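Here are the chains, one letter per residue:
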Amino acid sequence: CSGGSYSGPGIINMVGNGKFAAEIHNQQNVTIDGLTSAGKGIKLAGNTSGTTTVTTLFTDIGGGGVFSHAIYAPTGLKNSTIMYNHFINVAGNGVMATGLSTESIINSNYFQDVWEGIHVITSGGQNLQMSDNIGVGFKRMGRRTGCVD
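Keep in mind that what you see is a predicted model, and the values were worked out from it rather than measured.

1. Digging into the overall build of the protein
Moving on, step 1. A count of helices and strands for the protein gives zero helices and 14 strands.
Moving on, step 2. Tracing the protein from N to C terminus, the helices and strands come up as β-β-β-β-β-β-β-β-β-β-β-β-β-β.
Moving on, step 3. The C-alpha radius of gyration computed for the protein amounts to 14 Å, which stays within 12% of the reference 15 Å derived for 149 residues, consistent with globular compactness.
Moving on, step 4. Projecting the C-alpha coordinates of the protein onto the three principal axes gives extents of approximately 35 × 35 × 25 Å.
Moving on, step 5. By the burial criterion, 42% of the 149 residues in the protein qualify as buried.
Moving on, step 6. Considering only intrachain contacts with a sequence separation of at least 6, the fraction spanning at least 24 residues in the protein is 57%.

Structure (structure tokens):
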């Protein structure tokens, strides 16, 4: 599947036992713009690429383990952009990506009271740009990156 836009103003307010506010699987060129995600984060999985997340507020994200991240990409970020977002009061990481992360940008985001702002562990990725991100109140660290074979 290809394309699609979720834009605000609007609030995704997840309560109860749901795992994520939104799950995007095997999609290309999806844009998330100007929304507020309260209570749960979003998951980008499978062969998802070309995702753009801009001017979105992720707030009061709880849960345990992988469900505590604002943006969770277990198969990596591919040709994706995460810019101008606010991550406030997140139990886990603002952005958590594992797997192949390549040709992606994580720039100009604000992090407040999160475990880690950005956590990217990639396997063989290239051209991953992270800059101009700022934050306060990190429980662990601002940015953690690594590469595994």
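Now that the structure has been shown, we can carry on.
2. Details of unusual backbone geometry
A negative phi holds for most residues other than glycine; trans holds for most peptide bonds.
Moving on, step 1. In this structure, N29 is a non-glycine residue whose phi angle is positive, near 60°.
Moving on, step 2. Positionally, N29 belongs in the loop between β2 (22–25) and β3 (31–38).
Moving on, step 3. Phi angles above zero are rare outside glycine, and N127 is one such case at about 55°.
Moving on, step 4. You can see N127 is positioned in the loop between β11 (110–122) and β12 (128–131).
Moving on, step 5. Assessed through its relative accessible area of 52%, N127 is described here as exposed.

3. Considering the pattern of salt bridges
Moving on, step 1. Under the defined criterion, the tally for this structure stands at one salt bridge.
Moving on, step 2. One salt bridge in this structure joins R140 and E116, with 2.6 Å as the shortest N-O distance. Here the residue R140 occupies a position in the loop between β13 (134–136) and β14 (141–147), and E116 occupies one in strand β11, the gap between them amounting to 24 residues.

4. Brief notes about the environment of G63
Moving on, step 1. For G63, the location among the structural elements is in the loop between β6 (57–61) and β7 (71–73).
Moving on, step 2. What makes G63 exposed here is its relative accessible area of 53%.
Moving on, step 3. Between the C-alpha atom of G63 and that of G41, which follows or precedes it by 22 residues, the distance is 9.7 Å.
Moving on, step 4. In contact with G63, other than residues within four places in its own chain, are S68 and A91.

5. Points about the environment of G18
Moving on, step 1. Position of G18 relative to the elements: it lies in the loop between β1 (5–13) and β2.
Moving on, step 2. Residue classification places G18 among the partly exposed residues on the basis of a relative accessible area of 24%.
Moving on, step 3. Separated by 55 residues in sequence, G18 and A73 have C-alpha atoms that sit 17 Å apart.

6. A few points about the packing of aromatic side chains
Moving on, step 1. Scanning all chains against the criterion turns up four aromatic pairs.
Moving on, step 2. For the ring pair F58 and F87, a centre distance of 5.1 Å and an interplane angle of 5° mean the geometry is stacked. A residue pair is termed long-range when its members are at least 10 positions apart, and F58 in strand β6 and F87 in strand β9 (residues 86–99) qualify at 29 residues.
Moving on, step 3. With centroids separated by 4.8 Å and ring planes inclined at 10°, the aromatic side chains of F87 and F111 adopt a geometry described as stacked.

Rules of the game
- The residue count restarts for each chain, going from 1 along the sequence in the order it is written.
- For this predicted model, a pLDDT threshold of at least 70 governs which residues receive local features, and a threshold of 80 or more governs which side-chain atom pairs are given and counted, while totals over whole chains, interfaces and linings are taken from all residues.
- Just so you know, side-chain values use all the structure's heavy atoms and leave hydrogens and water out.
- Runs of E in the DSSP output that reach at least two residues are strands. Runs of H or I that reach at least four are helices, and both are numbered from the N terminus.
- Computation of the radius of gyration draws on C-alpha atoms alone. For the globule rule, the value is 2.2 Å times the number of residues to the power 0.38.
- Per-residue accessibility, obtained with a 1.4 Å probe over protein chains only, is compared with the maximum for each type, and a residue is labelled buried under 20%, exposed over 50%, and partly exposed between these values.
- Residues are treated as being in contact if the distance between any of their heavy atoms lies within 4.5 Å.
- A side-chain nitrogen of Lys or Arg and a carboxyl oxygen of Asp or Glu constitute a salt bridge if their distance falls within 4 Å.
- Ring geometry is summarised as follows: Phe, Tyr and Trp rings, the Trp one being its six-membered ring, pair when their centres sit within 6.5 Å, and such pairs are stacked at plane angles under 30 degrees, edge-to-face over 60 and tilted between the two.

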